[in-house]
Amino acid sequence: KALYYKGKSLWEEGEREDAVEALGDVAENPKDVMGAEAAYLLIKDAFDSGNFDKVETLVFALSEQKTGERFYLAKSYLLLGDSYLEKGDKEGAKQVYQSIYKSYNGQGDIKAIAKSKMDAIGKKNK
């Protein structure tokens, strides 16, 4: 717990490098909400750094660990779709967003975000 709170605090202060270091250990066990959020923040950091291949690797690793924290898994998949868009793969991004839209039934506005992103891709293709 201490590493999680340290990492979150550093993240909020904009100390990404130190935050990522602290959150790395927490993210190794994404079965609880702290671990899943830590894993998501590592994925967010990779995305923000433009390391889209790392985003893909980390998202699939989180998925394979079968976290029960669907909210952070869904948020991670949204970043995966965004990374596909950044790499020019509109079809891959659309498939990710569609999958989230069809299968996610949890908290937050994840489903609405996925729909909005799908619609934006559709408008750009016209």
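What counts and what doesn't
- Residues numbered from 1 in each chain as written.
- Predicted model: local features only at pLDDT ≥ 70, side-chain atom pairs only at ≥ 80, totals over all residues.
- Heavy atoms only, no water.
- Axes fitted to C-alpha atoms, helices over the stretch in contact; angles between N-to-C directions.
- Helix = DSSP H or I, 4+ residues; strand = E, 2+ residues; numbered from the N terminus.
- Parallel < 35°, antiparallel > 145°, perpendicular 65-115°, else oblique.
- Left-handed = near helix turned anticlockwise from the far one by under 90°.
- Contact = heavy atoms within 4.5 Å.
- Nonpolar A, V, L, I, M, F, W, Y, C, P; charged D, E, K, R; others polar.
- Patch = residues over 30% accessible without salt bridge, like charges linked within 9 Å, V, L, I, M, F, W, Y side chains within 5 Å.
- Areas by Shrake-Rupley, 256 points an atom, 1.4 Å probe, with all protein chains shown as cover.
- Salt bridge = Lys/Arg side-chain N within 4 Å of Asp/Glu carboxyl O.
- Lys, Arg positive; Asp, Glu negative; His and termini not counted.
- Charge placed at Lys NZ, Arg CZ, Asp CG, Glu CD.
- Buried < 20%, exposed > 50% of the residue type's maximum accessible area, 1.4 Å probe, protein only.
- Core = buried A, V, L, I, M, F, W, Y, C linked by side-chain atoms within 4.5 Å.
- Polar contact = N/O pair within 3.5 Å; in protein donor to acceptor, adjacent residues only side chain to side chain.

Describing the packing of helix α3 (residues 33–48) against helix α4 (residues 52–64)
α4 packs onto α3 with a crossing angle of 165° between their chain directions and a minimal axis gap of 8 Å. The orientation of α3 with respect to α4, classified from their angle, is roughly antiparallel. For the pair α3 and α4, the sense of crossing is left-handed. Residue-level contacts link Ala39, Leu42, Ile43, Ala46 and Phe47 of α3 to Phe52, Lys54, Val55, Leu58, Val59 and Leu62 of α4. Partitioning the contact of α3 with α4 into residue classes produces 10 nonpolar, no polar and 1 charged.

Section: a negative patch on the surface
A contiguous patch of negative charge, built from Glu12, Glu13, Glu15, Glu17, Asp18, Glu21, Asp25 and Glu28, is present on the exposed surface. Top contributing element to the negative patch by residue count: helix α2 (residues 16–27), with 4 residues. Counting through the fold element by element, Glu17 comes out in helix α2. On the basis of relative accessibility, which here comes to 69%, the residue Glu17 falls in the exposed class.

Looking at the nonpolar core
Judged by nonpolar contacts, the single largest core of 38 residues is most densely connected at Leu23, Ile100 and Ile110. When contributions to this core are tallied by element, the ones reaching two or more residues are α1 (2–12), α2, α3, α4, α5 (70–86), α6 (90–103) and α7 (110–124). The dominant element in this core, judged by the number of residues it contributes, is α3, at 10 residues. Contacts of Leu23, omitting those with residues within four sequence positions, involve Leu3, Tyr4, Gly7, Lys8, Trp11, Ala38, Leu41 and Leu42.

Structural notes on the side chain of Thr67
With respect to the helices, strands and loops of the structure, Thr67 is situated in the loop between α4 and α5. A residue is classified by how much of its surface remains accessible, and Thr67, at 8% relative accessible area, is buried. Separated by 2.4 Å, the side chain of Thr67 and the backbone oxygen of Pro30 make a polar contact. Side-chain polar atoms of Thr67 contact the backbone nitrogen of Glu69, separated by 3.1 Å. Here Thr67 is in contact with Pro30, Lys31, Ala36, Leu62 and Leu73, once residues within four sequence places are set aside.

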